[in-house]
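Breakdown of the fold
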Amino acid sequence: MKIDVKINLEKIACNIRQYNKKVILMVKGDGYGHGIVEVSKHVESIVYGLGVATIEEGIVLRENGIRGQVLVCQCLPQEIGKALEYNLSPTIGCFEGLSWVDEDLDKVVIKINTGMNRFGFDLDDLPHVETMLKGRKVQGVYSHIYS
C-alpha cells in the first residue's frame, strides 16, 4: 500500500496570518514532518521568526538561505558560540549557559520555566539571573506555557 501526503504550504501560511500577531513558527523535527526548509522558505516573510530544537536545525536553515530570526530552543552552553557564528538566537535556561556569554548577551534569549519542567530558569532563580545579567539587555525572554 502506498500513502501519498500532500503538504499545502499556503494553508500553513493562512493559519499563521489568522493570528494577526508576531509569530515564531516552530519548524523543529523537519517542520513536524512538513519539511523544515520548504515550510521556512514559504513563511519567512510573514513570521516574526522560526523556532528549532537544535543548533543543527538552525544551521540547516541558514545554509538554505533563511535570513530571518531563528530561535534555538535547546542550546548547550558549549554550542552558544557556534549559534552566534550562524546568527542564531540561542536559548539560555541555566546558569552555566549565562557564564558562556560575554559581549553577545543581546543576541541570546532567556527561557523561564513556568511549569513544563523541561528546561529554563525556575522563578526562584530570577533574582540571581538578574544579578548575573548586571543590567545588560538580552534579545528576549520566553516561556513554554503548558496550560
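In terms of regular secondary structure, the chain is built from seven helices and six strands. Ordered by position from the N terminus, the helices and strands of the chain form the series α-β-α-α-β-α-β-α-β-α-β-α-β. Its C-alpha atoms give the chain principal-axis dimensions of roughly 55 × 35 × 35 Å. Burial analysis of the chain (147 residues in total) assigns 38% to the buried set. In the chain, the proportion of contacts linking residues at least 24 apart, taken out of those at least 6 apart, comes to 50%. Of the roughly 9200 Å² of accessible surface on the chain, 51% is carried by carbon and sulfur atoms. Within the chain, one finds 17 positive and 19 negative side-chain charges whose respective centroids are separated by 8 Å.

Scanning the model with the defined rule gives one aromatic pair in all. A centroid spacing of 5.1 Å and a plane angle of 65 degrees characterise the contact between F95 and F121, whose relative ring orientation is edge-to-face. Residue F95 is located in helix 6 (residues 95-99), and its partner F121 is located in the loop between strand 5 (109-112) and helix 7 (126-133); the two are separated by 26 residues in the primary sequence. On the basis of relative accessibility, which here comes to 27%, the residue F95 falls in the partly exposed class.

Before going further, it helps to examine the packing of helix 3 (residues 36-43) against helix 4 (residues 55-63). Where helix 3 meets helix 4, the closest approach of the two axes is 10 Å, and the angle between their N-to-C directions is 60 degrees. Taken together, helix 3 and helix 4 sit at an angle that is classed as oblique. Judged by the sense of rotation from one axis to the other, the crossing of helix 3 with helix 4 is right-handed. The residues of helix 4 that touch helix 3, namely those facing I36, V37 and S40, are E57, V60 and L61. Residue composition of the contact of helix 3 with helix 4, by class: four nonpolar, one polar and one charged.

Okay, the pattern of salt bridges next. Close approach of charged atoms allows side chains with opposite charge to pair. The full count for this structure, using the stated rule, is two salt bridges. Between K2 and D4 there is a salt bridge whose closest N-O contact spans 3.8 Å. With respect to class, K2 is no different from D4; both count as exposed. Between R17 and E10 there is a salt bridge whose closest N-O contact spans 2.8 Å. A residue is classified by how much of its surface remains accessible, and R17, at 44% relative accessible area, is partly exposed. Taking the relative accessible area as the measure of exposure, E10 reaches 40% and is therefore partly exposed.

Each value, and the rule that gives it
Residues numbered from 1 in each chain as written. Predicted model: local features only at pLDDT ≥ 70, side-chain atom pairs only at ≥ 80, totals over all residues. Heavy atoms only, no water. Helix = DSSP H or I, 4+ residues; strand = E, 2+ residues; numbered from the N terminus. Buried < 20%, exposed > 50% of the residue type's maximum accessible area, 1.4 Å probe, protein only. Contact = heavy atoms within 4.5 Å. Areas by Shrake-Rupley, 256 points an atom, 1.4 Å probe, with all protein chains shown as cover. Lys, Arg positive; Asp, Glu negative; His and termini not counted. Charge placed at Lys NZ, Arg CZ, Asp CG, Glu CD. Phe/Tyr/Trp six-rings, centres within 6.5 Å; stacked < 30°, edge-to-face > 60°. Axes fitted to C-alpha atoms, helices over the stretch in contact; angles between N-to-C directions. Parallel < 35°, antiparallel > 145°, perpendicular 65-115°, else oblique. Left-handed = near helix turned anticlockwise from the far one by under 90°. Nonpolar A, V, L, I, M, F, W, Y, C, P; charged D, E, K, R; others polar. Salt bridge = Lys/Arg side-chain N within 4 Å of Asp/Glu carboxyl O.

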